[in-house]
Amino acid sequence: FRGFGPHIWVLNFAVLILGVALCWLCFVIANQIMERHLAVLSALLFLTLIYTRLLNATHHYFSALAVMSATAILMREDSPRRLAIAGALLGIASFFTQTHGAAALLAFTLLLCWERYGADGSWQSFWRKERILLLSFATALLILSAPFIASAGLKQLWYCQVTYVRKVMVHPPETHLLGMPQYPNLRTLPLLFVISEYSRHFLVYGMLPTTYLVVLMRCRRKLFPPTFCFRKVALLGLVGSSLLGELIFSLNWLRLYAVSMAGIVLFVWVISTSARFRRYGLIGVWALIVLL
């Protein structure tokens, strides 16, 4: 607004750029575990099923953009440089939505623990990587929060971002339908609109936890083709399930949609790796995209 003035096109442009960035990131992540045409399918499913339902530049999306960027970086390898960049991105994510960044940081830590537990049992490598991750996370968050600490003080910032959130924002789902929107004029709305709206919500609500459960069970059993790197899928599953678990404390459909990218990618991956359902499952996903 300072640069372009308080115009509506500024908001529209922000929504457009944010959507392009999220869809491109979705494609990049999916392309690391699937063929390119399936990565395109994942990005289109995210666009039609998730992003067009909101068209909202909410802080949850900016936080999710940083989280998934960090995930994409660590999916390739966990070198010290990549760990530092990923940690800094998680600090940026926590600056936009403090709980999202913390949940993703927990997921990254769990993956590092999982890898060490399945290796030779030595934890020196784990703590070396974890220190880099935590230090870069804390540094980025501290730098971004410095102006607020200087003006309001650390105690007030802690109250606003931790104490207040814990006391006020931790509550059951915001509606009786697990946080799905409730329309006061439901009986006067067109039947087709009501069916399409709630079908979409039920699909997303059911898809995400089921997909994460299936993926993490496969990772635990390591039921993968010999050439497949299970680490990438495990990281996506841990990040997605951690973000979903964090939302349980104040479930809302908007927050759920905003952190659903990992689940969308893994949903397409689960279908594509199923010999029995691959053909008809992918046809169904394409049909859903066209319908939406």
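Residues numbered from 1 in each chain as written. Predicted model: local features only at pLDDT ≥ 70, side-chain atom pairs only at ≥ 80, totals over all residues. Heavy atoms only, no water.

**Considering the packing of helix α2 (residues 36-54) against helix α12 (residues 278-291)**
Our working rule: Lines fitted to the C-alpha atoms define the axes, with helices restricted to the stretch that makes contact. Angles between their N-to-C directions range from 0 to 180 degrees. In this description a helix means any DSSP run of H or I spanning at least four residues, a strand means any run of E spanning at least two, and both kinds are numbered starting from the N terminus. Small angles under 35 degrees read as roughly parallel and large ones over 145 as roughly antiparallel, with 65 to 115 read as roughly perpendicular and the rest as oblique. Note on convention: near helix rotated counterclockwise from far helix by under a right angle means a left-handed crossing. Clockwise means right-handed. Any pair of residues with heavy atoms lying within 4.5 Å of one another is described as a contacting pair. Side-chain classes are defined by residue name, with Ala, Val, Leu, Ile, Met, Phe, Trp, Tyr, Cys and Pro counting as nonpolar, Asp, Glu, Lys and Arg as charged, and the others, Gly among them, as polar.
In the contact formed by α2 and α12, the axes pass within 9 Å of each other and the chain directions differ by 40 degrees. Relative to α12, the element α2 lies oblique. Regarding α2 and α12, the two cross each other, and that crossing is left-handed. Of α12, the residues touching α2 (which contributes His37, Leu38, Leu41, Leu44, Leu45 and Thr48) are Arg278, Leu282, Val285, Trp286, Leu288 and Ile289. For the contact of α2 with α12, a count of residues per class yields 9 nonpolar, 2 polar and 1 charged.

**A look at the nonpolar core**
Proteins that are soluble and globular tend to have nonpolar side chains buried together. Let me state the cut-off plainly: Throughout this description, the term nonpolar core refers to a set of buried Ala, Val, Leu, Ile, Met, Phe, Trp, Tyr and Cys residues connected via side-chain atoms within 4.5 Å. Here's how the labels work: a residue is buried when its accessible area is under 20% of the maximum for its type, exposed when over 50%, partly exposed in between, all with a 1.4 Å probe on protein chains only.
Among the nonpolar cores identified, the biggest contains 81 residues, and Ile29, Ile33, Phe46, Tyr61, Met68, Phe108 and Leu236 are the most heavily contacted of them. The element contributing the most residues to this core is α2, with 10 residues.

**A short note on unusual backbone geometry**
Trans is the common state for peptide bonds, and a negative phi is the common state for residues other than glycine. You will see that Leu55, though not glycine, has its phi angle at about 45 degrees, which is positive. Within the element layout of this structure, Leu55 appears in the loop between α2 and α3 (59-76). Among the residues examined, Leu55 registers a relative accessible area of 51% and is labelled exposed. Although it is not a glycine, Leu178 adopts a positive phi angle of roughly 55 degrees. Inspection of the secondary structure assignment puts Leu178 in the loop between α7 (154-169) and α8 (191-221). Residue classification places Leu178 among the partly exposed residues on the basis of a relative accessible area of 47%.

**Topic: the environment of Phe148**
Mapped onto the elements of the fold, Phe148 is located in helix α6 (residues 124-152). In the structure, Phe148 is positioned 88 residues away from Leu236 in sequence and 33 Å away in space, judged by C-alpha atoms.

**Topic: the packing of aromatic side chains**
The cut-off we apply is this: Ring pairs shown here join Phe, Tyr and Trp side chains whose ring centres sit within 6.5 Å, with only the six-membered ring taken for Trp; geometry is labelled stacked below 30 degrees between planes, edge-to-face above 60, and tilted in between.
For the coordinates displayed, the defined rule picks out 13 aromatic pairs. With a centroid separation of 5.4 Å and an interplanar angle of 70 degrees, the aromatic rings of Phe4 and Trp9 are classed as edge-to-face. Using a relative accessible area of 43% as the deciding quantity, one classes Trp9 as partly exposed. Grouped by ring-pair contacts, the aromatic residues Phe62, Phe95, Phe96 and Phe148 constitute a single cluster.

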